Amino acid sequence: MELFDRLVNETVSSGIEPVTLNFTGIYDCYSARPVAYRTQTEMFSSVNGKIEGFAEKTDKTETGKEITAHNIVKAIRCIKAMVAEGRRISWISVSGATAFLTQEDLYSVLDNIFKAENFTENGKLCLEFSKSILTAEREKVLKGLADLKVLGVKTVISGVAADDFPTSALLDVAVDTVVLTPAITGLALDRNKPGVLLSLIRFLKSMDVSVIAEGVKDDDELRELNKAECFGFIPADNYSGRFTVIKGTHDFASALCEKEDA
């Protein structure tokens, strides 16, 4: 990781912003109004351009911890801009490294960031984690999630119900929201597996967990997800339906321009 750290430091010194947040809209399953935004991090270096796969490489490192903190500040400023524009979003998420969640002084770190940014709408900030937190030291993970809950920060875990995702672990590792993989979302209309998706969503909701379906292709799938009372959906790149939504990732300016129904 020394090479990675050096690349980041050189990029910062050059004046180039090394970290960019790309936004993905999460839309209501009934009205398709934007209810929240998920962000993905892009990392650039002044030497090699876009750095691929950095999230996995830094997930349990000090660098990953620092990137998460950096992105939280960026997200806070985006949230403030949304509020200033009268937007009624639930939250904006930031990809969180396992190292950030499991650090000893997580509460103090976040509390200091909030104070420095004069930020009081903690519930509009969400940290998204991958399944990697399920294999980290359990006591530290549970303590980190507890700290986030005390602070009012929302939590999301992605990749739920994928082949290698232990869904039952969510009984212990409690998060506020989960993101279903596109393959699982596609079960909404699978005649060979009727009721599977609905049963899964009911299981998750029984644990007081909200559900986001990623990769929705059409309005028939949306109707099923709406019946299941999903929190929201992320449209597939080939989504075709009656709603006008922004597909794929886009910059903050585009996200800010979206409007909820009056």
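Residues numbered from 1 in each chain as written. Predicted model: local features only at pLDDT ≥ 70, side-chain atom pairs only at ≥ 80, totals over all residues. Heavy atoms only, no water.

Student: Please clarify how the overall build of the protein should be interpreted in this entry.
Tutor: Counting its regular elements, the protein contains 10 helices and 9 strands. Residues classed as buried in the protein amount to 50% of the 262 residues present. Sequence-distant contacts, at least 24 apart, represent 67% of the contacts inside the protein between residues at least 6 apart. As displayed, the protein has an accessible area near 12,500 Å², and 50% of this comes from carbon and sulfur atoms. (Helix = DSSP H or I, 4+ residues; strand = E, 2+ residues; numbered from the N terminus. Buried < 20%, exposed > 50% of the residue type's maximum accessible area, 1.4 Å probe, protein only. Contact = heavy atoms within 4.5 Å. Areas by Shrake-Rupley, 256 points an atom, 1.4 Å probe, with all protein chains shown as cover.)

Student: Please explain helix 8 (residues 196-206) as it appears in this structure.
Tutor: Since the α-helix packs 3.6 residues into each turn, any two residues three or four apart lie on the same face. Along helix 8, the residues classified as buried are Leu197, Leu200, Ile201 and Leu204. Looking down the long axis of helix 8, one finds its buried residues gathered within 95° of arc, a one-sided arrangement. Pointing more than 90 degrees away from the buried face of helix 8 are the exposed residues Arg202 and Ser206. Turning to helix 8, the residues buried within the fold contact strand 6 (154-160), strand 7 (177-180), helix 7 (182-185), strand 8 (210-218) and helix 9 (219-227). Once helix 8 finishes, Asp208 follows within two positions and takes phi at roughly 65°, a positive value. (Arc of directions from axis to C-beta.)

Student: Please clarify how the packing of aromatic side chains should be interpreted in this entry.
Tutor: Two descriptors summarise a pair of aromatic rings, namely the distance from one centre to the other and the angle between the planes of the rings. Summed over the entire model, instances satisfying the criterion amount to 6 aromatic pairs. A centroid spacing of 5.9 Å and a plane angle of 45° characterise the contact between Tyr27 and Phe233, whose relative ring orientation is tilted. On the criterion of sequence distance, the pair formed by Tyr27 in strand 1 (residues 19-27) and Phe233 in strand 9 (residues 232-240) is long-range, its members being 206 residues apart. For the pair formed by Tyr27 and Phe233, the shared burial category is buried. (Phe/Tyr/Trp six-rings, centres within 6.5 Å; stacked < 30°, edge-to-face > 60°.)

Student: What am I meant to see in the packing of helix 5 (residues 106-116) against helix 6 (residues 138-151) here?
Tutor: A packed helix pair is summarised by two numbers, namely the angle formed by the two axes and the spacing between the axes. Packing of helix 5 against helix 6 leaves a shortest axis separation of 9 Å and a crossing angle of 35°. The handedness of the crossing between helix 5 and helix 6 comes out as right-handed. Across from Leu106, Tyr107, Leu110 and Phe114 in helix 5, the residues of helix 6 making contact are Gly144, Asp147, Leu148, Val150 and Leu151. (Axes fitted to C-alpha atoms, helices over the stretch in contact; angles between N-to-C directions. Left-handed = near helix turned anticlockwise from the far one by under 90°.)

Student: What's the story with the environment of Lys259 in this structure? I'm lost.
Tutor: Tracing the backbone through its elements, the reader meets Lys259 in the segment after helix 10 (252-257). Separated by 225 residues in the primary sequence, Lys259 and Pro34 place their C-alpha atoms 7.4 Å from one another. For Lys259, the contacting residues outside a window of four places in its chain are Pro34, Glu85 and Arg87.

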